[in-house]
Structure formats: C-alpha cells, structure tokens
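Coordinate inspection notes
For reference, the chains in residue letters:
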Amino acid sequence: MPIRHALAALHWRLSPWRLVREQPPYDGPRLLIGAPHTSNRDFVIMLAISWDARLPVRWLGKRELFEGPLGRLMHWLGGIPVDRDDPAGLVGRIVDLVRDDPHAAIVVTPDGTRSSSQWKSGFYRIALESGLPVTLGWVDRVTGTAGLGPTIAMTGDVPADMDRIRAFYSGKVGINAERTTEPRLADEAGLAARLAEERRLP
C-alpha cells in the first residue's frame, strides 16, 4: 500500500488533472463507479484516485486480461477476472472479498465498453444483492477534475436511484467527449419490478 500511495502522489503531482478528494471519507466496503468511461486513461486515473485515498481497490475485468504475461500485473493492480459468459457466483465472490477486507472498494464501469449507448445494470444488481453502497467516482474534462463523490445506497426503486446518479453526473464529460453516456439503464421501471419479484421469491 505505501508503494501505491507514493505512485498516486507522483501521478497527481505530474498530472494535468486536479484531484478532488472524498468529503467526508466513507469508511466501509462499497462499489465504486468509474464514469464517464470513455478512454483507457480512465483506468489509470481511477487507480490514482483510489491509491491516493489508500483504498484496497479491486476492479472487475474480463478474464482474457488475466491471461498471458500481463496476468500477474493485472492481479497486483487489484483485478478480479470475470467470465462474461458465465457471471454466476460473482455476487458471492464480492461478498467474500468485503468479508475479508471491510474497507474494500470494488470498481465497476457501468458504461462498459466505452461505446455503449446506455449503462449496464450489473452494478445495480450487485449493489442490491450484496447490500453494498455505491460511491460515485468521476472524471470530467470540462473542469479538469477527477475524484470521488457521494456514497449512496441502492433502494430497489431503480428510477429514483438512477435519477440521483444522473443528477450527480449531469454535465460531467469524459476524456473522449463524444463517447460520454448518460447514466440510464434499459427499462428502469421494468427492472425495478423484476428485482422486486426476485426478492419476493423464496
């Protein structure tokens, strides 16, 4: 951790971006959204944000990233390999992680592949099923800032929760402005109904 904090300090000393630290700092496990996700540079910025805050950050990545000679580096950087064709058990793995480390921050990028037209709902399902709150991390080329915003709980009222998220990210533009995606899930009202039904099932 001291090495990572020192690397983050060097990054922010040299970076054209201005770091906005979390106020007040949240003390507990959480999902950490990185958005708008429009460039590979977002990954470096989010690591620098997390390491500056001394967060034991982990991030979800497709399993192919962990194959070959760079696999060990991806693990050292906090990567968690995910099989996108078989995501079963992911929530359980995340719950195990935060049980082992009560300060863990699991980074997710709901706008996915940097070319999506909407956010993916996986982060919402994970937050709801695991009981983890969500910290809104950002990068904004308009103001030249990046940092951590509020930490909020997902209630199951998907449209209302997403309205809060949309309000926070309103006006924030990614590094590649044309790829910035509004925080909107497909059929938010329908997702809320499906989640409510799933939670009623034994």
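Up top is the structure these notes are about.
Quick caveat, the model's predicted, so the values are computed rather than measured. (Residues numbered from 1 in each chain as written. Predicted model: local features only at pLDDT ≥ 70, side-chain atom pairs only at ≥ 80, totals over all residues. Heavy atoms only, no water.)

**Concerning the pattern of salt bridges**
Within the structure shown, the criterion is met by 9 salt bridges. With its nearest N and O atoms 2.8 Å apart, the salt bridge here joins D52 to R21. You can see D52 sitting in helix α2 (residues 41-52) and its partner R21 sitting in the loop between β1 (18-20) and β2 (30-35), a full 31 residues away along the chain. Residue class for D52 comes out buried when judged on its relative accessible area of 11%. The class of R21 is exposed, set by a relative accessible area of 51%. Across the pair E22 and R30 runs a salt bridge, and its minimum N-O distance is 3.2 Å. Classification of R30 by relative accessible area gives buried; the value is 0%. (Salt bridge = Lys/Arg side-chain N within 4 Å of Asp/Glu carboxyl O. Helix = DSSP H or I, 4+ residues; strand = E, 2+ residues; numbered from the N terminus. Buried < 20%, exposed > 50% of the residue type's maximum accessible area, 1.4 Å probe, protein only.)

**So, helix α1 (residues 2-14)**
What sets the pattern is the α-helix's 3.6 residues per turn: residues three or four places apart point alike. For α1, built from 13 residues, the straight-helix expectation of 18 Å at 1.5 Å per residue is met to within 8% by its first-to-last C-alpha distance of 19 Å. Buried residues along α1 sit against β1, α2, α3 (71-76) and β7 (145-152). (Expected span 1.5 Å × (residues − 1). Contact = heavy atoms within 4.5 Å.)

**Looking at the packing of helix α6 (residues 158-169) against helix α7 (residues 188-200)**
With their axes 8 Å apart at the nearest point, α6 and α7 run at an angle of 130° to one another. Classified by the interaxial angle, the pair formed by α6 and α7 is oblique. Residue-level inspection shows V158, P159, M162 and R166 of α6 in contact with α7, the latter providing E188, A189, L191, A192 and L195. (Axes fitted to C-alpha atoms, helices over the stretch in contact; angles between N-to-C directions. Parallel < 35°, antiparallel > 145°, perpendicular 65-115°, else oblique.)

**A short note on the side chain of T145**
Structurally, T145 is set in strand β7. Among the polar contacts made by the side chain of T145, one reaches the side chain of W138 at a distance of 3.3 Å. Here T143 takes part through its side chain, which lies 2.6 Å from a polar atom of the side chain of T145. Not counting residues up to four positions away in its chain, the partners in contact with T145 are W17, R18, V20, W138, V139 and D140. (Polar contact = N/O pair within 3.5 Å; in protein donor to acceptor, adjacent residues only side chain to side chain.)

**Some words on helix α5 (residues 122-130)**
Listed as buried for α5 are F123, Y124, I126, A127, L128 and S130. One or two steps after α5, the chain reaches G131, where phi turns positive at roughly 80°.

**Concerning the pairing of β7**
Among the 8 residues in β7, 6 count as buried, and that is most of the element. Linkage of strand β6 (residues 134-140) to β7, two consecutive antiparallel strands, is achieved through a turn of 4 residues, within which G144 is found at a positive phi near 70°. (Pairing = 2+ DSSP bridges.)

**A short note on the environment of M154**
Mapped onto the fold, M154 is located in the loop between β7 and α6. A sequence separation of 30 residues divides M154 from Y124, and the C-alpha atoms of the two residues are 7.2 Å apart. Filtering out sequence-adjacent residues up to four positions away, M154 remains in contact with Y124, A127, L128, V134, D161 and I165.

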